[in-house]
Amino acid sequence: MIFLRKTFPIICILLLFSCKKESEKIEITAEDYHKVTDKLTSVMVHDIFSPPVASRVYVYPNIAAYEVLNSKDSKYNSLVSQLNGLTAFTTENNSNNVDKKLAALIAYLDVAKELVFSKEKIELYRDSLFTVWKNRNENAFLSAKEYSKPFSKHVKNWMNSDSYKETRTMPDFNISSDNPGIWEPTPPAYMKGIEPHWNKIRTFVLDSAAQFKPIPPPKFSMEKESAFFKELKYVYDLTNEIKEKGNDSEELKIAQFWDCNPFVAVNKGHFMFASKKITPGAHWIGICKIAAKKTDSDFEKTVFAYTKTSIAIFDAFISCWDEKYRSNLVRPETLINKFMDDSWTPLLQTPPFPEYTSGHSVVSGATAEVLTAIFGDNFYFEDTTEIPYGLPMRKFTSFRNAAKEAAISRIYGGIHYNAAVNEGLTQGIQVGHFVNKSLNFK
């Protein structure tokens, strides 16, 4: 009896502590979603995904998370039947008392893991979160995990039917050196053209890859009075002027800020290695994060913003790549070195695919329209996206102004002609308008 009297208070305290731990709420906020997106970005930079493929890596995890949140009884509409090929989800799990925010994060990580090369990096990150959530409230965690499973499975099945796997075995892009107007690999790596079959990937909203086919580029000609030659000469003269201004040139800063080349080949003696950066799509995903945080967007709006943004980026890349390998236009670097100045180099490293239209221009135009629809026009923001890659912050008065700067950066960098930038921006704006018009999120 004496032993029980002495130990009873201790037992009660332990029981109370145990009950408190079991009932502790798992707080999930928008910041948690930003963190998982940042983690995916870091893995993508490590794995070196091309810009089109990177857009695919972003979009499916976002859709999985979005559908977990909005399959029923929510303030946003499901995207079932709104996105090409996305059929209704079948789940027998009751959503009552399920933490959908937690389930959305779990679904995001489950789908993301299937899209990267370094799966173990996602798994380690996921397992560390699982441990924290399980320790806080095992029942809530297990319920959310079970609820997320059919959504993850459904999205992965749908994802695997988008023709991506089939394009992995399609032939490389054929290069003919007989025609000086067509694209050919550029220094220093002389890489083959990436993703020549990207227009065969299933779109999300566009009815086809060619829905917003731009006008053709100026007809190739090295005649000095031709429109094409004038564009080539403009790139040559402008980049030389920028070089004369030195490292403090505003044009150089703009070019470097929007470079977004995920694989810059660096030569050091006999060695060549990659200087890793984010892709154009990743830069705009970063801007989406900045806008969501500035507006204190809640979890649901944050997931919505990322999802709509990533859909626009994905379809924009398909639209752009469809034109790239149709027009198959030679890059400025190739012609300038052959016919004008064999010692000239662009300010940015020329990426390994045809010139027309400018990918960054198309993607920036599309994304700016979508972000404007979500957060409003004249949205001032400070773009800190490139700080981790050694570049300073830049300020913008709107998403559209940022898109215009991203587009013109390609001319400053010496990797595109005016037509590719101007028509690319128009092409992207058309894609963005169509995404805004076609998808009914509310």
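This report concerns the structure included in the present document. (Residues numbered from 1 in each chain as written. Predicted model: local features only at pLDDT ≥ 70, side-chain atom pairs only at ≥ 80, totals over all residues. Heavy atoms only, no water.)

**Overview of the side chain of threonine 167**
Working step 1: With respect to the element layout, threonine 167 can be found in helix H7 (residues 164–167).
Working step 2: You can call threonine 167 buried: its relative accessible area is 6%.
Working step 3: Within the structure, the side chain of threonine 167 is placed 2.6 Å from the backbone oxygen of tyrosine 164, a separation counted as a polar contact.
Working step 4: Residues within four places of threonine 167 in sequence aside, it is in contact with His197, Lys200 and Ile201. (Helix = DSSP H or I, 4+ residues; strand = E, 2+ residues; numbered from the N terminus. Buried < 20%, exposed > 50% of the residue type's maximum accessible area, 1.4 Å probe, protein only. Polar contact = N/O pair within 3.5 Å; in protein donor to acceptor, adjacent residues only side chain to side chain. Contact = heavy atoms within 4.5 Å.)

**A look at the nonpolar core**
Working step 1: Leu83, Trp133, Phe204 and Trp284 are the most contacted members of the largest nonpolar core, which has 119 residues in total.
Working step 2: Per element, the largest residue contribution to this core is 15 residues, and it comes from helix H11 (residues 299–327).
Working step 3: Beyond its immediate stretch of four places on either side in the chain, phenylalanine 204 contacts Val59, Tyr60, Ile63, Gln82, Leu83, Asn84, Trp158, Ile311, Phe314 and Asp315.
Working step 4: Judged by nonpolar contacts, the second largest core, of 14 residues, contains Phe228, Leu232, Ile336 and Tyr356. (Core = buried A, V, L, I, M, F, W, Y, C linked by side-chain atoms within 4.5 Å.)

**Some words on helix H8 (residues 227–245)**
Working step 1: Along its 19 residues, H8 runs 27 Å from first to last C-alpha, staying within 8% of the 27 Å computed at 1.5 Å per residue.
Working step 2: Burial in H8 covers these residues: Phe228, Phe229, Glu231, Leu232, Val235, Tyr236, Leu238, Thr239 and Ile242.
Working step 3: At its buried positions, H8 is contacted by helix H9 (250–257), helix H12 (332–340), helix H14 (399–412) and helix H15 (418–438).
Working step 4: Looking at the residues trailing H8, positive phi occurs at glycine 246, about 90 degrees. (Expected span 1.5 Å × (residues − 1).)

**Digging into the packing of aromatic side chains**
Working step 1: Taken as a whole, this structure holds 34 aromatic pairs when the rule is applied.
Working step 2: Ring-pair connections join several aromatic residues into one group, and the members of that group are Phe257, Trp258, Trp284, Phe375, Phe379, Phe381, Phe396 and Phe399.
Working step 3: The aromatic ring of phenylalanine 379 is capped on one face by lysine 294, whose charged end is 4.9 Å from the ring centroid. (Phe/Tyr/Trp six-rings, centres within 6.5 Å; stacked < 30°, edge-to-face > 60°. Lys NZ or Arg CZ within 6 Å of the ring centre and 35° of its normal.)

**Some words on the side chain of threonine 357**
Working step 1: Here threonine 357 lies in the loop between H12 and helix H13 (359–375).
Working step 2: Side chain to side chain, threonine 357 and glutamine 427 meet in a polar contact 2.8 Å long.

**Details of the packing of H14 against H15**
Working step 1: Relative to each other, H14 and H15 sit at 160 degrees, their axes nearing to 8 Å. Overall, the two elements H14 and H15 adopt an arrangement that is roughly antiparallel. Once H14 is placed against H15, the crossing between them reads as right-handed. Between H14 and H15, the contacting residues are Ala403, Lys404, Ala407, Ile408, Arg410 and Ile411 on the first element and Asn418, Val421 and Leu425 on the second.
Working step 2: Here the contact of H14 with H15 is composed, by residue class, of six nonpolar, one polar and two charged. (Axes fitted to C-alpha atoms, helices over the stretch in contact; angles between N-to-C directions. Parallel < 35°, antiparallel > 145°, perpendicular 65-115°, else oblique. Left-handed = near helix turned anticlockwise from the far one by under 90°. Nonpolar A, V, L, I, M, F, W, Y, C, P; charged D, E, K, R; others polar.)

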